[in-house]
Amino acid sequence: MKTKNSIHNLFERIQLVKKINGEQSLFPSYEKYFDRKLKTMDTESNLNRKLLAWKTILSLHGIDVENKKVLVAGCGAGWECVYMFTLGAKEVVGLEVMEMFVKGMEKMFPILGLPPTVKPILQDIHTYTQDSYYDLILTVDAISHMYDHKLFLSSCFKLLAPNGLLLIIDDNNALNYRRRKEVENIWESWEKKGLDLKSNDGKTKHINSYEEDRYEYISERFPELSKEAKFLAERTANFNRQQIDNAILNYKKTGIMPNSMYRRGVMAYDSKYDMPKEKQFNPYILAIEMRREKFINTLHLPSLITTDTFVRKAIVKALIILKVFSYFLFSKGFSISGRKPSQ
């Protein structure tokens, strides 16, 4: 981990990010969440606590990022890239499929004083190729939005150097009843309502529901079906763009309406960006899938509170020992790691 002085410098630069973000939003459709993330680093001690929490998570999985090459898949606004560099990584690449995030990081990283070795790339991890290989691939709350998580695991295995590690952290533990109910509400809200966001200038911006996105897509792609577009949008829930096209072409040919209506409890799917919304995972099954992809030494743990006091350290140890009960009763998320064999 960097020195106390370097953490102080990072905190000072985060204050510059706050100021600039207030004047010109770095992540226009992400303002609310970005501001919330910034508030978790509102003091230097909170920033230090966050970095120590990261150091704890990494150490629990036997990971040391000092002088390592790190790939952050689905990096969003890029904070994990910042944390990995601050913890000692020599090179950090952040992959992201949404252009808004990449443009925001391209503005934010220089403000934070990050070197060119920390960079965002607009790229899908499923199709990303690279001549050099990574010591660590990290993904945080991203695998639950990937359209093919098994292909993701396979891609990561290819991109890792021998003895490299994949670390997945996600807030979608399918074993936890509370999280499951929360996510069902999220699915229904995004499918039917979308989101109304109040920006920093006080204006309200509506982000389309998935059904509204499908309606706009069908109306533009098949203008001759403008009268039926609303009904077609309702009946193509959970379809990707190719499936929507196939269903509409079949309707034009046969007159048979598609019949994929949204039902509560079924995962919502974002056809615009071709990604699921909050896919749920059983950590035990995900570990098996990682082993099938040839990962070894797989380890999964419930989401843990930060271990900055003796009592919290004792609680963490107890939660690890009582892992099954932790998943069901306490932990809405999980962390899981696997190593690529040395040969």
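Predicted model, so just to flag it, every value in this text is computed and none were measured.

Trainee: Describe the overall build of the protein, with residues and values.
Mentor: Helix and strand counts for the protein come out as 13 helices and eleven strands. In terms of overall dimensions, the protein is globule-like: its C-alpha atoms have a radius of gyration of 21 Å, near the 20 Å expected for 343 residues. Residue burial in the protein is summarised as follows: out of 343 residues, 48% are buried. Partitioning the intrachain contacts of the protein with sequence separation of at least 6 by distance along the chain shows that 71% fall at a separation of at least 24. When the accessible surface of the protein is split by element, carbon and sulfur atoms take 54% of a total near 17,100 Å². Of the charged side chains in the protein, 52 are positive and 41 negative; the average position of the first set lies 5 Å away from that of the second.

Trainee: Tell me about the sheet that holds strand β11 (residues 334-339), and please be specific about residues and values.
Mentor: The strand order across the open sheet formed by seven strands is β3-β2-β1-β4-β5-β11-β10, and the pairing between neighbours is mixed. At either margin of the open sheet sits one strand with a lone partner, and together these are β3 (118-122) and β10 (296-302). Neighbour-to-neighbour, the strand axes of the sheet open up by a mean angle of 15 degrees, direction not taken into account. With respect to the sheet, helix α6 (residues 149-159) is in contact with β1 (69-73), β4 (134-140) and β5 (160-170), its orientation differing from that of β5 by roughly 145 degrees.

Trainee: Run through the pattern of salt bridges, naming residues and quoting values.
Mentor: Tallied over the entire structure, the rule returns 15 salt bridges. We note a salt bridge from Lys103 to Glu99, for which the minimum N-O separation is 3.5 Å. Note that Lys103 and Glu99 are positioned in helix α5 (residues 99-111) at a spacing of four residues, about one turn of the helix. Residues Glu188 and Arg264 are paired through a salt bridge, measuring 2.6 Å at the closest nitrogen-oxygen approach. Of the two residues, Glu188 is situated in helix α7 (residues 177-192) and Arg264 in the loop between α10 (241-254) and β8 (269-270); the sequence distance between them amounts to 76 residues. Judged by its relative accessible area of 33%, Glu188 falls in the partly exposed class. Through salt bridges with shared partners, a single ionic network connects Arg179, Glu182, Glu278 and Lys332.

Trainee: Please set out the side chain of Asp245 residue by residue, giving values where relevant.
Mentor: Locating Asp245 in the fold gives a position in helix α10. Note on Asp245: relative accessible area 11%, which makes it buried. Reaching out from Asp245, the side chain makes a polar contact with the side chain of Tyr217 at a distance of 2.8 Å. In this view, Asp245 contacts Tyr217, Arg221 and Phe222; residues no more than four positions away in its chain are not counted.

Trainee: Mind laying out a nonpolar patch on the surface, listing which residues take part and the relevant values?
Mentor: Judged by side-chain polarity, Tyr284, Ile321, Leu322, Val324, Phe325, Phe328, Leu329 and Phe330 come together as a nonpolar surface patch covering roughly 840 Å² of accessible area. A per-element tally of the nonpolar patch places helix α13 (residues 323-329) first, with four residues.

Trainee: I'd like a description of the packing of aromatic side chains, backed by residues and values.
Mentor: Within the structure shown, the criterion is met by eleven aromatic pairs. With a centroid separation of 5.7 Å and 35 degrees between ring planes, the pair formed by Tyr30 and Tyr33 is classed as tilted. Tyr33 gets classed as partly exposed once you look at its relative accessible area, which sits at 29%. Aromatic pair Trp79 and Tyr83: ring centres 6.4 Å apart, planes at 20 degrees, arrangement stacked. A residue pair is termed a helical-turn pair when its members lie 3 or 4 positions apart in one helix, as Trp79 and Tyr83 do in helix α4 (residues 79-86) at four residues. In terms of burial, Trp79 and Tyr83 fall into one category: buried. Taken together, the ring pairs in this structure connect Phe27, Tyr30, Tyr33, Phe34, Trp54, Trp79, Tyr83 and Phe101 into an aromatic cluster. Over the ring of Tyr134 we find Lys69; its NZ or CZ atom is 5.5 Å from the centre of that ring. Positioned above the aromatic ring of Phe157 is the side chain of Lys340, whose terminal nitrogen or guanidinium carbon lies 5.0 Å from the ring centre.

Procedures and definitions
- Chains are numbered independently. Their residues run from 1 in the order of the written sequence.
- With pLDDT at 70 or above as the cut-off, local features in this predicted model cover only qualifying residues; side-chain atom pairs require 80 or more to be listed or tallied, and sums for whole chains, interfaces and linings still use all residues.
- In computing side-chain properties, one takes all heavy atoms of the structure into account and sets aside hydrogens as well as water.
- Segments assigned H or I by DSSP are reported as helices when at least four residues long, segments assigned E as strands when at least two residues long, and all are numbered from the N terminus.
- C-alpha atoms define the radius of gyration in this analysis, and the globule rule sets the expected value at 2.2 Å times the number of residues to the power 0.38.
- Only protein chains enter the accessibility calculation, which uses a 1.4 Å probe; a residue whose area is less than 20% of its type maximum is buried, one above 50% is exposed, and one in between is partly exposed.
- Contacts: residue pairs with any heavy atoms within 4.5 Å of one another.
- To measure how exposed things are, a 1.4 Å probe is used in the Shrake-Rupley method; for residues, cover is taken only from the protein chains shown.
- Charge counting treats Lys and Arg as positive and Asp and Glu as negative, with His and both chain ends excluded.
- In plain terms, the charge of a residue is placed at NZ if it is Lys, CZ if Arg, CG if Asp and CD if Glu.
- In short, DSSP must find at least two bridges between two strands for them to pair.
- Whenever a helix is involved, its axis is fitted only over the stretch in contact; in every case the axis is a line through C-alpha atoms, and angles between N-to-C directions fall within 0 to 180 degrees.
- When a carboxyl oxygen of Asp or Glu lies within 4 Å of a side-chain nitrogen of Lys or Arg, that pair is called a salt bridge.
- We define a polar contact as two N or O atoms separated by no more than 3.5 Å, with the added condition that, inside protein, one atom must be a possible hydrogen donor and the other a possible acceptor, whereas residues neighbouring each other in sequence contribute only through side-chain atom pairs.
- Patches draw on residues past 30% relative accessible area with no salt bridge. Two like charges within 9 Å are joined, as are two nonpolar side chains (Val, Leu, Ile, Met, Phe, Trp, Tyr) within 5 Å.
- Note on aromatic pairs: the rings of Phe, Tyr and Trp (six-membered ring only in Trp) are paired at centre separations within 6.5 Å, and the planes decide the class, stacked below 30 degrees, edge-to-face beyond 60, tilted for the rest.
- Note on criteria: charge over ring means Lys NZ or Arg CZ within 6 Å of the ring centre, with the direction from the centre no more than 35 degrees off the ring normal.

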